[in-house]
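Descriptive structure summary
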Amino acid sequence: MQPEPFTLLMTVYGGDREEHVRDAFRSAVHLQTLRPDQVVLVQDGPVPPALAAVLGELVRISPVEVAFVHLERNRGLGPALDAGLQAARHDIVARMDADDYSMPHRFQTQVPLVRAGADLVGAGLLEFGTDITDIVGRRIPPSDPADIARYSRLHDPFNHPTVVYRRSAVVAAGGYGDLPLMEDYWLFARMIAGGARIVNVAEPLVYYRVGAGAYERRGGRDLLRSELRLQREMLREGFISQPQYWRNVMVRGGYRLVPTLIRKPFYRAVVAPYGARRNRLRDRAGEGPRLAVPYIPRHARPAGGGHQGLPDLDAAPPQPEK
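All of these numbers come straight from a predicted model, not from anything done at the bench. (Residues numbered from 1 in each chain as written. Predicted model: local features only at pLDDT ≥ 70, side-chain atom pairs only at ≥ 80, totals over all residues. Heavy atoms only, no water.)

Attention now goes to the packing of helix α1 (residues 18-28) against helix α2 (residues 49-61). At a minimum axis separation of 9 Å, α1 and α2 run at an interaxial angle of 15 degrees. In terms of axis orientation, α1 runs roughly parallel to α2. In this structure, α1 meets α2 at a crossing whose hand is right-handed. Between α1 and α2, the contacting residues are Glu 18, Val 21, Arg 22 and Phe 25 on the first element and Ala 50, Leu 51, Val 54, Leu 55, Glu 57 and Leu 58 on the second. Of the residues belonging to the contact of α1 with α2, the class tally is seven nonpolar, no polar and three charged. (Axes fitted to C-alpha atoms, helices over the stretch in contact; angles between N-to-C directions. Helix = DSSP H or I, 4+ residues; strand = E, 2+ residues; numbered from the N terminus. Parallel < 35°, antiparallel > 145°, perpendicular 65-115°, else oblique. Left-handed = near helix turned anticlockwise from the far one by under 90°. Contact = heavy atoms within 4.5 Å. Nonpolar A, V, L, I, M, F, W, Y, C, P; charged D, E, K, R; others polar.)

Next up, the structure:
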């Protein structure tokens, strides 16, 4: 019996650079030890002629089938990804950003976890500057399901450029939608609340580009507006409590408004290494990540949507933190 196939989903817009798109595509297709069976390449609105030529070249030379989705106007990342999901022929979908670089064994590591029953699998990443030899930071996510669920009430527990998921689980949660700059966090929160089986691989599997302006883009009034909308949506859906809502508005909202000179070291010192700290604490306690639990297929799960053996992952609203 052949292993279950999977689709690679990648979006490109007019602001992407040709050489970055070419490198990203090549790393996620040509150089993978486990290649995708299909690529969905979404062009989100008009692009410069040079970038259009690169996209045409990538489609022509791809060793696997490419479905090219051309959106006439720029709709933003969330709607572009939803359009790409509609073109995906396989239920397992791997995400790839157009300016990052996947390590050769990325899909060999993550896809079997989805084939074995996970709905959403993330991984660690390495931040790089000029090229992938210029490593400037790393983000190690929490790998224990209870830690992931707990952390999700304050921060996105998945590095979006690294995720592989079940398309059916994403669609069941309502898709990405249109919440600019926060669409991935809101999707993952809804998946967690709906009882999705979640896994994080602590090992870095993606090189994430953080060029000039990366930390500036994590702040500002536009992002603050999206942040406040996200918090209202999570409160309305019962994913966070009222005390958690006000904590998030103060902590996350304040983070968006502080100067970049403060935001950057705070992110590097507190946010990025959170998962590594939690994973080390569990290792020292001899617990290890609790991933080896029997998988319950979606169609056979209890009406409540939870998973037996996975603590803190039921669909009930979280209780206020002490």
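Additional details are given in the paragraphs that follow.
The element strand β4 (residues 92-96) is largely enclosed, with a buried count of five among its five residues. Neither face of β4 is left uncovered, since the one carrying Ile 92, Ala 94 and Met 96 and the one carrying Val 93 and Arg 95 both have all their residues buried. Here three bridges tie β4 to strand β8 (residues 164-166), and the two strands are oriented antiparallel to one another. Note that in β8 the partner of Ala 94 across the bridge is Val 164. (Buried < 20%, exposed > 50% of the residue type's maximum accessible area, 1.4 Å probe, protein only. Pairing = 2+ DSSP bridges.)

A word on the packing of helix α7 (residues 183-193) against helix α8 (residues 221-236). Two numbers describe how α7 lies on α8: the axes approach to 11 Å, and their chain directions differ by 10 degrees. Classified by the angle their axes make, α7 and α8 are roughly parallel. Residues Tyr 185, Trp 186 and Ala 189 of α7 lie in contact with α8, whose contacting residues are Leu 230, Glu 233 and Met 234. Grouping the constituent residues of the contact of α7 with α8 by class yields five nonpolar, no polar and one charged.

Turning our attention to α8. In an α-helix there are 3.6 residues to a turn, and that puts residues three or four apart on one side. Given a rise of 1.5 Å per residue, 16 residues ought to cover 22 Å, and the 22 Å separating the end C-alpha atoms of α8 matches this to within 8%. Among the residues making up α8, those that are buried are Leu 223, Leu 224, Ser 226, Glu 227, Leu 230, Gln 231 and Met 234. Viewed end-on, α8 has its buried residues packed into an arc of 160 degrees, placing them on one side of the element. Of the exposed residues in α8, those oriented more than 90 degrees away from the buried face are Arg 221, Asp 222, Arg 225 and Arg 236. Of the residues flanking the end of α8, it is Gly 238, one or two places downstream, whose phi is positive at about 80 degrees. (Expected span 1.5 Å × (residues − 1). Arc of directions from axis to C-beta.)

Predicted confidence across the protein chain gives a mean pLDDT of 84, with 76% of residues reaching 70 or more. Taken as a whole, residues 289-302 scores under 50 in pLDDT and shows 33 contacts with residues more than four places along the chain or in a different chain. Predicted confidence for residues 304-322 stays below pLDDT 50, and this span has 41 contacts to residues more than four positions away or in other chains. (pLDDT = per-residue confidence, 0-100.)

Keep in mind that most residues, glycine aside, have a negative phi and that most peptide bonds are trans. Even without being a glycine, Leu 181 presents a positive backbone phi close to 75 degrees. Tracing the backbone through its elements, the reader meets Leu 181 in the loop between α6 (167-172) and α7.

Across soluble globular proteins, nonpolar side chains have a tendency to be buried as a group. Core analysis: the biggest nonpolar cluster contains 40 residues, and Leu 9, Leu 120, Phe 158, Tyr 165, Met 191 and Met 234 have the highest contact counts within it. Breaking this core down by element, the ones donating at least two residues are β2 (38-44), β3 (65-71), α3 (77-87), α5 (145-151), α6, α7, α8 and α9 (242-257). (Core = buried A, V, L, I, M, F, W, Y, C linked by side-chain atoms within 4.5 Å.)

Attention now goes to α2. With 13 residues, α2 should cover 18 Å at 1.5 Å per step; its first-to-last C-alpha distance of 18 Å lies within 8% of that length. All of the buried residues along α2 are Leu 51, Val 54, Leu 55 and Leu 58. Buried residues in α2, looked at end-on, bunch into an arc of 100 degrees, giving them a common side. Summarising the geometry of α2, the exposed residues directed more than 90 degrees from the buried face are Pro 49 and Arg 60.

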